[in-house]
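Descriptive structure summary
So you can see what is in the structure, the chains are spelled out below.
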Amino acid sequence: MARALALAEQGLYTTTPNPRVGCVLVRDGVVIGEGFHERAGGPHAEVRAIADARARGHDARGATAYVTLEPCNHIGRTAACTEALVATGVARVVAAMEDPNPNAAHGRERLRGAGLTVDVGLMEREATALNCGFVKRMVHGRPWVRLKAASSLDGRTALADGESKWITGAEARRDGHRWRARACAIVTGIGTVRHDDPWFTVRDVATSRQPRRVVLDRHAETPPAAHVFEGEGALVVTAGGRNPLWPSQVEVVALPDADGRIDLVALMRELARREINEVHLEAGAGLNGAFLAGRLVDEIVLYLAPCLLGDPARGIAAFAGGLSRLADRIALEISTIEPVGADWRVTARVAGAAH
């Protein structure tokens, strides 16, 4: 199963909106075929593993299939994987986790009904983590939100005038692009666009797919020549109408709340409707704070630079908003603390964030 998970990870940047899945076929203790799902519309991991076994000259009858997700049992962009396994004569299927997609579920029942032995739950935690966004969208109707920030050791992301290039080093910035690449959408705010004029594209990682760029712009004030509008894929979320000066390829959706601001909960539902699994939030303190206050952040990736910027009153924090009671603090569960070049990367789950 560990090998199947490693195979699944090869589709980290490409499978969206589908889950990342790997499969290994084993007979008599020997691996006879393996495969992973690369992109939507392409063959699933089980089908590729069966084809690989045939290409190696192996007969998969009587084999065990180790697959990171319960085989699908419906016809979508491709045929049902359950039928391929049954037709091939596989004797046993070991799945890491159940399929949370109600349209594709019940694969284990179909396989058991055909006489196969089916076990579910081996390395379930690792498989769920690999597909945290897909699971979140299927179970809760919204994407997994990963907030990325970079700061000095004393918590400043920039000087008072906004100067921030560069607090962290080149290695940390490249590492940040890997997190961008796995996301389905990069979300930012009008303040960041105005101040930095970013492209918000993946440049330091080889990928065949660029995430959707989503700008939250309450009053439709993003400059028409902003870099974020270049090419296809820009979506602007407003609380009102469209700016008539924006390029025609820019898509706009209005999601106002009762106070005339952007409804972030409605935004999550809209992104899920568009089959967005993972959101990479790369924004300023205000939007970061609003997402945290709304309990919409699932995970934080924080790069810490070995420097101090001093006086908090003369710097900018990563998160806006303050607490009146210590009991209201947002608890985190640290996942990893790793060096990245001269900097440190801390990844943490927001306590209570559900898959």
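The structure this text deals with has already been given above.
Residues numbered from 1 in each chain as written. Predicted model: local features only at pLDDT ≥ 70, side-chain atom pairs only at ≥ 80, totals over all residues. Heavy atoms only, no water.

A short note on the overall build of the chain
A tally of helices and strands in the chain yields 10 helices and 16 strands. Against the compact-globule benchmark of 20 Å for 355 residues, the chain has a radius of gyration of 22 Å, which places it among compact chains. Here the C-alpha coordinates of the chain stretch approximately 70 × 45 × 40 Å along the principal axes. A burial count over the chain gives 50% of its 355 residues as buried. (Helix = DSSP H or I, 4+ residues; strand = E, 2+ residues; numbered from the N terminus. Rg over C-alpha atoms; globule rule 2.2 N^0.38 Å. Buried < 20%, exposed > 50% of the residue type's maximum accessible area, 1.4 Å probe, protein only.)

With respect to the sheet that holds strand 2 (residues 30–36)
Spatially, 2-1-3-4-5 is the arrangement adopted by the five strands of the open sheet, whose pairing is mixed. Whereas interior strands pair on both sides, the edge strands pair on one side only; in this sheet they are strand 2 and strand 5 (117–120). The mean angle between the axes of side-by-side strands here comes to 15 degrees, regardless of whether they run parallel or antiparallel. In the packing of helix 2 (residues 45–55) onto the sheet, contacts are made with strand 1 (22–27), strand 2 and strand 3 (64–67), and the angle to strand 2 comes to roughly 135 degrees. (Pairing = 2+ DSSP bridges. Axes fitted to C-alpha atoms, helices over the stretch in contact; angles between N-to-C directions. Contact = heavy atoms within 4.5 Å.)

Quick notes on the environment of Thr117
As for its placement among the helices and strands, Thr117 is situated in strand 5. C-alpha of Thr117 to C-alpha of Thr64: the two residues are 53 residues apart in sequence and 9.1 Å apart in space. Those residues within four positions of Thr117 in sequence are excluded, and the remaining contacts are Ala91, Arg92 and Val93.

Thoughts on the side chain of Thr68
Tracing the chain through its elements places Thr68 in the loop between strand 3 and helix 3 (81–88). Among the polar contacts made by the side chain of Thr68, one reaches the main-chain amide nitrogen of Gly22 at a distance of 3.1 Å. Residues within four places of Thr68 in sequence aside, it is in contact with Met1, Ala4, Leu5, Ala8, Arg20, Val21, Gly22, Ala96, Met97 and Ala127. (Polar contact = N/O pair within 3.5 Å; in protein donor to acceptor, adjacent residues only side chain to side chain.)

Comments concerning the pairing of strand 12 (residues 278–281)
Residue alternation in strand 12 divides its side chains into two sets, Glu278 and His280 and Val279 and Leu281, and both sets are buried. Relative to strand 12, strand 6 (residues 144–152) runs parallel, the two sharing four bridges. The residue bridging Trp144 from the neighbouring strand is Glu278, located in strand 12. In this sheet, strand 12 lies alongside strand 8 (residues 185–189) in parallel orientation, the contact comprising three bridges.

Comments concerning the packing of aromatic side chains
Within the structure shown, the criterion is met by one aromatic pair. Between Phe229 and Trp246, the aromatic rings sit 5.7 Å apart at their centres with planes inclined by 70 degrees, giving edge-to-face as the arrangement. Of this pair, Phe229 sits in the loop between strand 9 (212–216) and strand 10 (234–238) while Trp246 sits in the loop between strand 10 and strand 11 (251–254), and the two are 17 residues apart along the sequence. Across the pair, exposure class does not vary: Phe229 and Trp246 are buried alike. A cation over an aromatic ring shows up here: Arg48 above the ring of Phe36, its NZ or CZ 4.8 Å from the ring centre. (Phe/Tyr/Trp six-rings, centres within 6.5 Å; stacked < 30°, edge-to-face > 60°. Lys NZ or Arg CZ within 6 Å of the ring centre and 35° of its normal.)

Looking at the sheet that holds strand 16 (residues 343–350)
Taking strand neighbours across the sheet as the criterion, the nine strands line up as 11-10-9-8-12-6-13-16-15 in an open arrangement whose pairing is mixed. The open sheet terminates on both sides in strands that have one partner only, identified here as strand 11 and strand 15 (332–340). In this sheet, neighbouring strand axes are inclined to one another by 20 degrees on average, regardless of whether the strands run parallel or antiparallel. Across the sheet, helix 6 (residues 132–140) is in contact with strand 6 and strand 12; its angle to strand 6 comes to roughly 135 degrees. Packing against the sheet, helix 9 (residues 264–273) makes contact with strand 6, strand 8, strand 9, strand 10 and strand 12, and its axis sits at approximately 165 degrees to strand 9.

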